[in-house]
Amino acid sequence: MLPGPTGVAVEHTSVAVEGGRIPVRLYRPSAAGPLPLYVFLHGGGWCKGGLDERDPRCRTIAAGAGCLVASVDYRLAPENQFPTAPEDCYAALTELIERSSELGIAPDRVAIGGESAGANLAAAVCLMARDRTGPGICHQWLDVPATDLTLAQEGHRTVPDGYLLDAADIDEYLGLYLPDPAMATDPRCSPLLADDLRGLPPAWIMSAGYDRLRGDAQAYTEALEAAGAEVRHTRLAGHIHTTFAFTRLLPSARAYEARAVAALADAFTG
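Keep in mind the model is a prediction, meaning the values are calculated, not measured. (Residues numbered from 1 in each chain as written. Predicted model: local features only at pLDDT ≥ 70, side-chain atom pairs only at ≥ 80, totals over all residues. Heavy atoms only, no water.)

Undergrad: Can you help me understand the overall build of the chain in this one?
TA: A count of helical and extended segments in the chain gives 8 helices and 8 strands. The C-alpha atoms of the chain give a radius of gyration of 17 Å, which matches the 18 Å a tight globule of 270 residues would have. When each of the 270 residues of the chain is scored for burial, the buried share is 56%. Sequence-distant contacts in the chain: of pairs separated by 6 or more residues, those separated by 24 or more amount to 78%. When the accessible surface of the chain is split by element, carbon and sulfur atoms take 52% of a total near 10,500 Å². Taking the 22 positively charged and 34 negatively charged side chains of the chain as two groups, their mean positions are separated by 5 Å. (Helix = DSSP H or I, 4+ residues; strand = E, 2+ residues; numbered from the N terminus. Rg over C-alpha atoms; globule rule 2.2 N^0.38 Å. Buried < 20%, exposed > 50% of the residue type's maximum accessible area, 1.4 Å probe, protein only. Contact = heavy atoms within 4.5 Å. Areas by Shrake-Rupley, 256 points an atom, 1.4 Å probe, with all protein chains shown as cover. Lys, Arg positive; Asp, Glu negative; His and termini not counted. Charge placed at Lys NZ, Arg CZ, Asp CG, Glu CD.)

Shown next as structure tokens:
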């Protein structure tokens, strides 16, 4: 991954969640406020990952989209199993908006997104915000999202092992994340399985050609479109699940990231 741009100030705060507080790292560009807010949720199978490894990308997004990026250090499984992660992320979103004056946030310009498990959580938070009459969200950015944890979508049958996200990896993550396999049908686990997808924010979705989750992205795109949402889905042919981290190596990954950041900036300007 390329190092992030200079000129982005980093701040640290925390937000209240059930049972305590969790860290949130803020990335503030050198722009006049109040700023749009982008809530970023890292990947890692709900079991690993953290703030540091996605630091360069958060800097890139803050500078490129002219927004405050809030990277949420949600609690991880197996110590904190479902539904801790989506509830942590929703709590972070709501508290950040409640503190909009303090943090210099424009509360009417809020987006959320993430990668892989983080994209799963971002999609779940959009559903939670709609159903709980929570903060308005203008854009959801979902890179290689897991949207159906029952593993019923096409990629799980047709994409072979050997592309950095094998079937055994997915089974291990789900075994650690879910206290009960039957919970996979909960929309906070599987947004695709929600009874109603109407009223959700416009979505920017990326899938990779050699990724077991590519069918999840395609199915969610089609379901959102059927529900009346505006969706743009990019399939990166020849790419693998972790392509979002290959901006140092692949010109096509850099070009995709630039398009995605530009789409986020456009969403903030209406």
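Undergrad: Where do I start with the packing of helix α2 (residues 84-98) against helix α4 (residues 117-131) in this structure?
TA: Viewed as axis vectors pointing N to C, α2 and α4 meet at an angle of 65°, and their least axial separation amounts to 9 Å. Between α2 and α4 lies a crossing whose hand is right-handed. From α2, Ala85, Pro86, Glu87, Cys89, Tyr90 and Leu93 reach across to α4, where they touch Leu121, Val125, Met128 and Ala129. By residue class, the composition of the contact of α2 with α4 is 9 nonpolar, no polar and 1 charged. (Axes fitted to C-alpha atoms, helices over the stretch in contact; angles between N-to-C directions. Left-handed = near helix turned anticlockwise from the far one by under 90°. Nonpolar A, V, L, I, M, F, W, Y, C, P; charged D, E, K, R; others polar.)

Undergrad: Can you walk me through the pairing of strand β4 (residues 68-72) in this structure?
TA: Buried residues dominate β4, accounting for 5 of its 5 residues. Residues Leu68, Ala70 and Val72 of β4 are buried on one face, and the alternating residues Val69 and Ser71, pointing to the opposite face, are buried as well. In terms of strand pairing, strand β2 (residues 20-29) meets β4 through 4 bridges, oriented antiparallel. Paired with arginine 25 across the bridge in β4 is serine 71. The handedness of the strand β3 (residues 35-41) to β4 crossover, carried by helix α1 (residues 55-65), is right-handed. (Pairing = 2+ DSSP bridges. Right-handed = clockwise from strand over helix to strand, strands pointing away.)

Undergrad: Can you help me understand the packing of aromatic side chains in this one?
TA: Two aromatic rings are characterised by how far apart their centres lie and by the angle between their planes. Inspection of every chain in the model, using the stated rule, returns 5 aromatic pairs. Cluster of aromatic residues (ring-pair linked, three or more members): Trp46, Phe82 and Tyr177. Over the ring of tyrosine 90 we find arginine 132; its NZ or CZ atom is 5.1 Å from the centre of that ring. (Phe/Tyr/Trp six-rings, centres within 6.5 Å; stacked < 30°, edge-to-face > 60°. Lys NZ or Arg CZ within 6 Å of the ring centre and 35° of its normal.)

Undergrad: So what exactly am I meant to see when it comes to the packing of α1 against helix α8 (residues 251-269) here?
TA: How two helices pack is summed up by the angle between their axes together with the distance between the axes. Where α1 meets α8, the axes come as close as 9 Å, and the angle between the chain directions of the two elements is 50°. In terms of orientation, α1 and α8 fall into the oblique class. In the crossing of α1 with α8, the sense of the turn from one axis to the other is right-handed. Every residue of α8 that contacts α1 at Arg57, Thr60, Ile61, Gly64 and Ala65 is listed here: Tyr256, Glu257, Val261, Leu264, Ala265 and Phe268. (Parallel < 35°, antiparallel > 145°, perpendicular 65-115°, else oblique.)

Undergrad: I'm lost on the pairing of strand β7 (residues 203-210) in this one. Help?
TA: Walk down a regular strand and you will see the side chains alternate between the two sheet faces. Across the 8 residues that make up β7, a large majority, 7, are buried. Across 4 bridges, the pairing between strand β6 (residues 139-143) and β7 is parallel. Paired with leucine 142 across the bridge in β7 is isoleucine 205. Bridge count for β7 against strand β8 (residues 231-240) is 7 bridges, and the pairing is parallel. Each bridged residue has a counterpart across the sheet, and for tryptophan 204 the counterpart in β8 is arginine 232. For the crossover that starts at β7, traverses helix α7 (residues 214-226) and ends in the parallel β8, the hand is right-handed.

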